Amino acid sequence: MKIVIVGGGSIGTATAARLGPTDHEVTLVERGEIGTETTAASAGMVMRAAVEPTPFDVGLRNRAWEAYQRLFEESDLEAERIGTLYLAETPAYAERLERSAATLAEHGVDAAFRTSDELTEYGIDPTGFDGSTDFDDGQVPDEFAGGLHTTADLRCNPAAVASWFAACARDAGVDVRTGVEVTDIRTRDGSVSGVDISTDTNTVTNTTHLDADTVINAAGPWAPQLNNTVGVSLPLAHTVGPMAELECPSSASQDADTTRSNSNPKATPFTILESKRYVRPGAADGSPAPRRAVVGEFNTGYAEESVLELDERDLPDSFRSDAPDVASLVSGFDDATITEEWVGYRTVTPDGRPIVGETKVSGFVVACGLTGLGITLAPAVADLVADAVAGELDREHLERVGPERF
Ligand SMILES: Cc1cc2nc3c(=O)[nH]c(=O)nc-3n(C[C@H](O)[C@H](O)[C@H](O)COP(=O)(O)OP(=O)(O)OC[C@H]3O[C@@H](n4cnc5c(N)ncnc54)[C@H](O)[C@@H]3O)c2cc1C
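Rules of the game
- Residues numbered from 1 in each chain as written.
- Predicted model: local features only at pLDDT ≥ 70, side-chain atom pairs only at ≥ 80, totals over all residues.
- Core = buried A, V, L, I, M, F, W, Y, C linked by C-beta atoms within 7 Å.
- Buried ≥ 20, exposed ≤ 12 C-beta atoms within 10 Å, placed from the backbone.
- Helix = DSSP H or I, 4+ residues; strand = E, 2+ residues; numbered from the N terminus.
- Domains from an automatic or database assignment.
- Contact = placed C-beta atoms within 7 Å.
- pLDDT = per-residue confidence, 0-100.
- Near = placed C-beta within 6 Å.
- Nonpolar A, V, L, I, M, F, W, Y, C, P; charged D, E, K, R; others polar.
- Pairing = 2+ DSSP bridges.
- Axes fitted to C-alpha atoms, helices over the stretch in contact; angles between N-to-C directions.
- Parallel < 35°, antiparallel > 145°, perpendicular 65-115°, else oblique.

Q: In this structure, what is going on with the nonpolar core? I would like to understand it.
A: Nonpolar side chains in soluble globular proteins tend to be buried together. In terms of nonpolar packing, the biggest core is built from 118 residues, with Ile5, Val6, Ala16, Ala327, Ala367, Val381 and Val385 touching the most fellow members. Considering each element in turn, this core owes the most residues, 10 residues, to helix H9 (residues 374-389). Here this core spans two domains, since at least three of its residues come from each of domain 1 (2-41 + 159-234 + 351-405) and domain 2 (83-154 + 237-348). When sequence neighbours within four positions are dropped, the list of residues in contact with Ala367 reads Ile11, Thr15, Ile216, Asn217, Ala218, Val356, Val381 and Val385.

Structure below.
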């Protein structure tokens, strides 16, 4: 079978690496460079923590987690266990986190609920932000009612992981093409027959055609555009993901290290507030720089009609002005300043699960709508795509992640 994968982010490359060793003739087409769009914009967390996951969701993550364990053992890719801490600002959310900890622990995840008092172990002040903090929306958490902590969650360089998948795919015989755009998908009698591709050189645009029995849409936030070319309509929406890397003065970080080693033995994990803002220690590229941290916003709510143009790359002013205060959750980051900023787009679905499987157009398979978990889930999604291509996606998966579930 001839397969064309559209998109060279975490999903497209993981899928190519998975399909490479099969008997299929696989081509991956990426219009830019490997892993440089949403994948590079992400916080690079491979997450075990989840709020009120179902057994199915934990199972999907566990499947991806096992693949990542092998990958980080066998490759020279670096990943650091920094863990995740969800912080409750209300007692009601604390109860949800407590239930989540129990579910995760039942499924083999090293997760525990931490009471308000226990948060000091992570350098978090349970009385919330200090009085000088002034978030733009006025919603400054003045209490942390508890937290969900998982120990194993990894911080990695997601673009490097995508490049690794792409290299594995190449080694297995996949034709990985960058700087090539899929401009149209051709169908014949209701089945996919190929794609039109275009390559821009400095002055000339070359357009040509690739035959394909199967086309896999792994185009990330651009997936809806590709679906439109074959008349497939799926409930995909976008949310804006503003990000900033901050650096604190070196003396402050040294003070913080001393304080932590004396009284706060645990380093601050990836910390996500109930009100969605988060801080992840380390540099933008996922390296463990002690004076740097990344602040972001975990927006995953689905709103119909929220398919955006994807051209707005400026940080909202309110996010920029609040970022140093959010970073101050990491001890020693009280005077941090922004060194880098960017915006990525999440592609979200009504039920928060990805959409994976063959659509009503025979041979047109989607692997999109990763709802903020595309790094975490990439190897599991790749497995599901392989099952879908083989016509072996089982009933449970069709119901939970298949395109026909909506
Ligand atoms: C701010 C932010 C933080 C995040 N943090 C995390 C995190 O910590 N952990 C986690 O698990 N997830 C995280 N996510 C989610 C994760 O980044 C995404 O789910 C994941 O990167 C999606 O990968 P993808 O391959 O689907 O998309 P992308 O990485 O965007 O790849 C799609 C590729 O398709 C290419 N393409 C599009 N159209 C065409 C075409 N017509 N022809 C050829 N190529 C085309 C694009 O150039 C692009 O490279 C975050 C997301 C954001 C926005």
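Q: Help me understand the confidence of the model for the chain, please; the structure alone is not making it clear to me.
A: Detailed reading of the predicted coordinates is not advisable wherever pLDDT falls low. On average, residues of the chain score 93 in pLDDT, and 96% of them reach the 70 mark or higher. pLDDT under 50 marks residues 257-265. Its contacts with residues more than four places away, or in other chains, come to 9 contacts.

Q: Explain the site of the ligand here, please?
A: Surrounding the ligand, one finds 40 residues, the nearest of these being Gly7, Gly9, Gly220, Gly241 and Gly374. Residue assignment for the shell around the ligand shows that the elements contributing at least two residues are helix H1 (10-19), strand S2 (25-30), helix H2 (38-41), strand S10 (180-188), strand S14 (237-247), strand S18 (337-348) and H9. Its residues placed into classes, the shell around the ligand shows 18 nonpolar, 17 polar and 5 charged. Two domains share the shell around the ligand, each providing at least three of its residues, namely domain 1 (2-41 + 159-234 + 351-405) and domain 2 (83-154 + 237-348).

Q: Help me understand the domain arrangement of the chain in this model?
A: For interface size, the figure often reported is the accessible area lost on association. If you check the domain split of the chain, you get domain 1 (2-41 + 159-234 + 351-405) and domain 2 (83-154 + 237-348). Taking the mean C-alpha position of each, domain 1 and domain 2 sit 32 Å from one another. Domain 1 puts 12 residues into the contact, and the matching count from domain 2 is 13 residues. Residue classes in the side of domain 1 that touches domain 2 are distributed as 6 nonpolar, 6 polar and no charged.

Q: So what exactly am I meant to see when it comes to the sheet that holds strand S4 (residues 79-81) here?
A: Here we have 3 strands laid out as an open sheet, ordered S3-S8-S4, and antiparallel in their pairing. With partners counted over all chains shown, the strands left at the sheet margins are strand S3 (45-46) and S4, one partner each. When S4 meets strand S8 (residues 154-156), the two strands line up antiparallel, connected through 3 bridges. Bridge pairing links Glu80 to Arg155 in S8.

Q: Please explain the packing of helix H3 (residues 55-74) against H9 as it appears in this structure.
A: Pairs of packed helices are described in terms of their axes, by the angle between the two and the distance that separates them. Following both chains from N to C, one finds H3 and H9 inclined at 100 degrees, their axes separated by 7 Å at the closest point. The pairing of H3 with H9 is recorded here as roughly perpendicular in orientation. Packed against H3, whose contacting residues are Leu60, Arg61, Arg63, Ala64, Ala67 and Tyr68, the element H9 presents Thr376, Leu377, Ala378, Pro379, Ala380 and Asp383 at the interface. Split by residue class, the contact of H3 with H9 holds 8 nonpolar, 1 polar and 3 charged.

Q: What exactly am I supposed to notice about helix H8 (residues 317-327) here?
A: One turn of an α-helix holds 3.6 residues; hence residues three or four places apart share an orientation. When we look at burial in H8, the residues that qualify are Phe319, Asp322, Ala323, Asp325, Val326 and Ala327. Packing partners of the buried residues in H8 comprise S14, strand S16 (277-281), strand S17 (292-297) and S18.

Q: Hey, could you run me through the sheet that holds strand S15 (residues 270-273) in this one?
A: Adjacent strands of a sheet pair through backbone hydrogen bonds, lying either parallel or antiparallel. Pairing is mixed across the open sheet formed by 8 strands, whose spatial order is S6-S7-S5-S15-S16-S17-S14-S18. In the strand order of this sheet, the two ends are held by strand S6 (111-114) and S18, each with one partner. Mean inter-strand twist for the sheet, computed between neighbouring axes without regard to direction, equals 20 degrees. Docked against the sheet, H8 engages S14, S16, S17 and S18, running at close to 55 degrees with respect to S14.

Q: Is there a simple way to explain the environment of Gly220 in this structure?
A: Mapped onto the fold, Gly220 is located in the loop between strand S13 (214-217) and helix H6 (223-229). For Gly220, a count of 27 C-beta atoms within 10 Å corresponds to the buried category. Between the C-alpha atom of Gly220 and that of Pro21, which follows or precedes it by 199 residues, the distance is 24 Å. Here Gly220 is in contact with Gly7, Gly9, Glu37, Thr38 and Thr347, once residues within four sequence places are set aside.

Q: Before we go on, may I ask you to explain the environment of Gly194 in this structure?
A: Along the polypeptide, Gly194 turns up in strand S11 (residues 191-200). Residues Gly194 and Val4, 190 residues apart in the sequence, show an inter-C-alpha distance of 8.0 Å.

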